[in-house]
Amino acid sequence: MIRIHPLECGTITAPAEVFQEDLTGERTVPVMAFLISHPTRGYAVFDTGLRPDMDGRLLFGAYACSLPEDHDLASRLRAIDVDPAKIERLVASHAHFDHLGAADLLPNADLYIHASELERSLADHPKAHGRVALEMGHRRVLTGDSHDLFGDGSCELFHTPGHTCGHQSLRVKRAGGYDVLAGDACYFCETLEPLGVQPHPEDREVYLATLARLRAMARGGDFVVPGHDLGFMASIPGESALSPTFSPVSRPPNG
Ligand SMILES: [Zn+2]
């Protein structure tokens, strides 16, 4: 069966109010990548975590980045005996620095990015720090409202706009529903219940509609995995594809 393996690739510390309107104080959040292993069709990675040269940097005067040695995506993959050069698919939830910045660590992957996200990023939106990653030469697969990632209906990319116009999430079919990698459409475990709202989405109305859609999915039995909160690890349902401990795919795609 398909497995989803969460990889923490750095942290960001910032005033909590930059993440959610009603929070105060300071919050340190994980920056996530997810390895998806398909039993016969190889690997995909959803988001990249921080780029190694971001360690110790302060972005926009608020986001303090930390990436300890061996926490970058390539090191995390090697630690579980997965060769980063053999990853065939890189999915960008969106083009911000903490999601696409380390794309060069997967040099041979095709980049799956929503068509409108690519257009926005190349137009040099000031927050589009993934733009550098877009110029790394990855072959691009432009996605739309929905995209079948492995071509067998098991993993679907779907458009979840608002945080950015071309934001996309990934849902993986399993018994009783879906596991949903929400990316920045949903930051935290407590974002959906009660509703916690980001202060500066690119389009607030569209963002709120996406949030309502994710909330309905969660209420309907889907397991929504937030983009910046490891708290979900404590409530992974038994039938979920999410696996905190990695086991290699049964038939290595390249071996
Ligand atoms: Zn983010």
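First things first, this report covers the structure right here in the doc. Since we're looking at a predicted model, the values are computed, not measured. Going along each chain's sequence as written, the residues are numbered from 1 onward. The model is predicted, so local features are restricted to residues of pLDDT at least 70 and side-chain atom pairs to those at 80 or more, both for listing and for counting; the totals for chains, interfaces and linings are taken over all residues. Excluded from the side-chain calculations are hydrogens and water; all other atoms, namely the structure's heavy atoms, are used.

## Brief notes about the coordination of the zinc ion
Protein coordination of the zinc ion is provided by Asp-98 (OD), His-99 (NE2), Asp-184 (OD) and His-228 (NE2), with donor distances spanning 2.1 to 2.3 Å. Taken together, the 4 donor atoms coordinating the zinc ion span angles of 85 to 153 degrees at the metal, a pattern that classifies the geometry as irregular. For Na, K and Ca the donor cutoff is 3.2 Å, while for all other metals N, O and S atoms count as donors only within 2.8 Å; water does not appear among the atoms, so some sites may look incomplete. For a four-donor site, all angles between 85 and 135 degrees give tetrahedral; for four or six donors, opposite pairs above 155 degrees with the remaining angles between 65 and 115 give square planar or octahedral; all remaining cases count as irregular.

## Here we look at the pairing of strand S12 (residues 177-183)
Burial analysis of S12 places 6 of its 7 residues in the buried class, the great majority of the element. DSSP bridges decide pairing: two strands pair if at least two such bridges lie between them. Under the scheme used here, helices are H or I runs from DSSP no shorter than 4 residues and strands are E runs no shorter than 2 residues, and both carry numbers assigned from the N terminus. Pairing geometry for strand S11 (residues 168-174) and S12, over 5 bridges, is antiparallel. Paired with Arg-174 across the two strands is Gly-177, which belongs to S12. Counting the residues that bridge the hairpin from S11 to S12 gives 2 residues, and of these Gly-176 lies at a positive phi of roughly 85 degrees. Inspection of the sheet shows S12 paired to strand S13 (residues 223-226) by 4 bridges, in the parallel sense. Counted as the bridge partner of Leu-181 is Val-225 from S13. Burial status follows relative accessibility: with a 1.4 Å probe on protein chains alone, a residue under 20% of its type maximum counts as buried, one over 50% as exposed, and anything between as partly exposed.

## Comments concerning helix H3 (residues 115-122)
Restricting attention to buried positions, one finds in H3 the residues Glu-117, Leu-118, Arg-120 and Ser-121. Burial along H3 is one-sided: seen end-on, the buried residues are contained in an arc of 165 degrees. This arc is built from the directions going out from the helix axis to the C-beta atoms.

## Quick look at the side chain of His-5
Checked against the element boundaries, His-5 lands in strand S1 (residues 3-15). Judged by relative accessible area, His-5 falls into the buried class, the value being 8%. Under this definition, polar contacts are N or O atom pairs within 3.5 Å; protein pairs additionally need one hydrogen-donor-capable and one acceptor-capable atom, and for neighbouring residues in sequence, both atoms have to be side-chain atoms. Polar side-chain contacts of His-5 include one of 2.9 Å to the backbone oxygen of Ser-243.

## Re the sheet that holds strand S2 (residues 26-38)
If you trace the 8 strands from one edge of the open sheet to the other, you get S4-S5-S1-S2-S3-S6-S7-S8, paired in mixed fashion. A single partner strand is all that each edge strand has here, and the edge strands are strand S4 (58-59) and strand S8 (140-143). In terms of strand pairing, strand S3 (residues 42-46) meets strand S6 (residues 89-91) through 3 bridges, oriented parallel. For Val-45, the partnering residue across the bridge sits in S6 and is Leu-90. Pairs of residues are marked as contacts when any of their non-hydrogen atoms sit within 4.5 Å. Angles run from 0 to 180 degrees between N-to-C directions of axes, and those axes are lines fitted to C-alpha atoms, restricted for helices to the stretch in contact. With respect to the sheet, H3 is in contact with strand S7 (110-114) and S8, its orientation differing from that of S7 by roughly 90 degrees.

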